[in-house]
Amino acid sequence: MHESELQPTADGSLTVHSARFGQSYGSRFGAATQARQVFAEGSGTHRHPAPRVLEVGFGLGQNFRATLAATAGRPLHYLAYEFDPVPAETLFRVASSDPVAAHPGWRALLAGWPGSVTAPELKFDLRPEDVTLATLPHDWASAVYLDGFSPEVNPEVWTPAFLGRLADALQPGGVLVTYSAAGHVRRGLQAAGLEVERRPGPAGKREVLRAVRPVV
Ligand SMILES: C[S@@+](CC[C@H](N)C(=O)[O-])C[C@H]1O[C@@H](n2cnc3c(N)ncnc32)[C@H](O)[C@@H]1O
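Thresholds applied
- Residues numbered from 1 in each chain as written.
- Predicted model: local features only at pLDDT ≥ 70, side-chain atom pairs only at ≥ 80, totals over all residues.
- Heavy atoms only, no water.
- Helix = DSSP H or I, 4+ residues; strand = E, 2+ residues; numbered from the N terminus.
- Buried < 20%, exposed > 50% of the residue type's maximum accessible area, 1.4 Å probe, protein only.
- Areas by Shrake-Rupley, 256 points an atom, 1.4 Å probe, with all protein chains shown as cover.
- Phe/Tyr/Trp six-rings, centres within 6.5 Å; stacked < 30°, edge-to-face > 60°.
- Near = heavy atom within 4 Å.
- Polar contact = N/O pair within 3.5 Å; in protein donor to acceptor, adjacent residues only side chain to side chain.
- Nonpolar A, V, L, I, M, F, W, Y, C, P; charged D, E, K, R; others polar.
- Pairing = 2+ DSSP bridges.
- Axes fitted to C-alpha atoms, helices over the stretch in contact; angles between N-to-C directions.
- Right-handed = clockwise from strand over helix to strand, strands pointing away.

**Student:** Can you help me understand the overall build of the protein chain in this one?
**Tutor:** When helices and strands are counted, the protein chain shows 6 helices and 11 strands. Reported as C-alpha extents along the three principal axes, the dimensions of the protein chain are approximately 45 × 35 × 30 Å. Looking at the 216 residues of the protein chain, the share that counts as buried comes to 50%. For the protein chain, the exposed area adds up to about 9500 Å²; of that, 53% sits on carbon and sulfur atoms.

Shown next as structure tokens:
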């Protein structure tokens, strides 16, 4: 069951409150800004020649739209896990203020929702399942966007065991980014063999994490 009442955030982008988790999908300090800074740019996807993104929690597609905008003209393969897809109508409405709403890739996604889509320079695979039970690819992603709800309310996507599986999904040199800077998340990423750094966060967030799989 989804609430579909849109909430404005500080940068003019929209988000939605999840009744199930008691949190908003995107930051009230700026949902689009967080998506761009923490995920699309923080992972280096905006400069990658042929990015392959694995996302934990597709939600409202804010990170996906930021990535589409940031990778224009380059082939993007986006593998998104979401066990509770919102209705297409909610995706349509939440993106109404976003210039990327006119992007052919976004329009194809809406037309095929909830499903996988191939469009010019885009391969989008939606996996409508619990990511913690899924078979993840190995050595595949140039970027992992870890964007579940917070560890307090959605702990299963932040466990050391699951973080280890996400690390294994990265290619050597691949980058995992997340808005959480919790100590146990940082330690879990380190235990998974990643090189972790704390970076300044966007408005409303002092620090976020960036973790790189070493090239050995
Ligand atoms: C903070 S929201 C993600 C926002 C989204 N990345 C965006 O750009 O709009 C968290 C999402 O993770 C999803 N989620 C949480 N746990 C999950 C799980 N175990 N498997 C799949 N999806 C999950 C929720 O349903 C929700 O859509």
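**Student:** What's the story with unusual backbone geometry in this structure? I'm lost.
**Tutor:** Negative phi characterises most residues that are not glycine, and trans characterises most peptide bonds. With an omega of -5°, the peptide bond running from Trp-113 to Pro-114 counts as cis. With respect to the helices and strands, Pro-114 occurs in the loop between helix 4 (104-112) and strand 6 (117-119). With phi around 65°, Glu-121 is a residue other than glycine that occupies positive phi space. Among the secondary structure elements, Glu-121 is positioned in the loop between strand 6 and strand 7 (122-127). Located in the positive-phi region is Asp-139, a residue other than glycine, with phi close to 50°. Mapped onto the secondary structure, Asp-139 falls in the loop between strand 7 and strand 8 (141-146). For Asp-139, a relative accessible area of 41% gives the class partly exposed.

**Student:** It is not clear to me how the packing of aromatic side chains should be interpreted in this structure. Could you clarify?
**Tutor:** Any pair of aromatic rings gets described here by the distance separating the centres and the angle formed by the planes. Counted under the stated rule, the structure contains 12 aromatic pairs. Judged by centre distance (6.0 Å) and plane angle (85°), the ring pair of Trp-158 and Tyr-179 falls under edge-to-face. Note that Trp-158 is positioned in the loop between strand 8 and helix 5 (160-169) and Tyr-179 in the loop between strand 9 (170-178) and helix 6 (183-191), a separation of 21 residues in sequence. Residue class for Trp-158 comes out buried when judged on its relative accessible area of 2%.

**Student:** I keep staring at the site of the ligand and nothing clicks. Help me out?
**Tutor:** Around the ligand, a shell composed of 19 residues is seen, among which Gly-57, Asn-63, Glu-82, Asp-130 and Asp-147 lie nearest. Gly-61 places a main-chain nitrogen or oxygen 3.2 Å from an oxygen atom of the ligand. With respect to the ligand, the side chain of Asp-130 contributes an N or O atom lying 2.9 Å from a nitrogen atom. Coverage of the ligand by the protein chains reaches 98% of its 600 Å² of free accessible surface. For the shell around the ligand, the residue count by class is 7 nonpolar, 7 polar and 5 charged.

**Student:** Which parts of the structure should I look at to understand the sheet that holds strand 6?
**Tutor:** Hydrogen bonding along the main chain pairs the strands of a sheet, whether they run parallel or antiparallel. Judged by pairing direction, the sheet is mixed, and its 8 strands sit side by side in the order 6-7-5-4-8-9-11-10 without closing on themselves. Looking at the sheet topology across the chains shown, the edges are occupied by strand 6 and strand 10 (195-200). Sheet twist, expressed as the mean angle between neighbouring strand axes with direction ignored, is 15°. In this structure, strand 4 (residues 52-56) lies alongside strand 8, joined through 4 bridges in parallel fashion. Bridged to Leu-54 within strand 8 is Val-144.

**Student:** Please clarify how the pairing of strand 5 (residues 76-81) should be interpreted in this entry.
**Tutor:** If a strand is regular, its side chains alternate between the two faces of the sheet. Within strand 5, 6 of the 6 residues are buried, which leaves it mostly tucked inside the rest of the structure. Burial along strand 5 is two-sided: the face carrying Leu-76, Tyr-78 and Ala-80 and the face carrying His-77, Leu-79 and Tyr-81 are both buried. Where strand 4 and strand 5 come together, 5 bridges link them in parallel fashion. Residue pairing across strands places Arg-52 opposite His-77, the latter belonging to strand 5. Crossover strand 4 to strand 5 through helix 2 (residues 62-70) is right-handed.

**Student:** What is the right way to read the pairing of strand 2 (residues 14-18) from this model?
**Tutor:** Judged by how many residues are buried, strand 2 sits mostly within the fold: 4 of 5 residues are covered. Sheet analysis places strand 1 (residues 6-8) next to strand 2, joined by 3 bridges and oriented antiparallel. Bridging from a neighbouring strand, Gln-7 pairs with Thr-15 of strand 2. Linkage of strand 1 to strand 2, two consecutive antiparallel strands, is achieved through a turn of 5 residues, within which Gly-12 is found at a positive phi near 95°. Where strand 2 meets strand 3 (residues 23-24), 2 bridges bridge the pair, whose relative direction is antiparallel. What sits directly across from Ser-18, in strand 3, is Gln-23. The antiparallel hairpin formed by strand 2 and strand 3 contains 4 residues in its connecting segment, where Gly-22 sits at a positive phi of about 70°.

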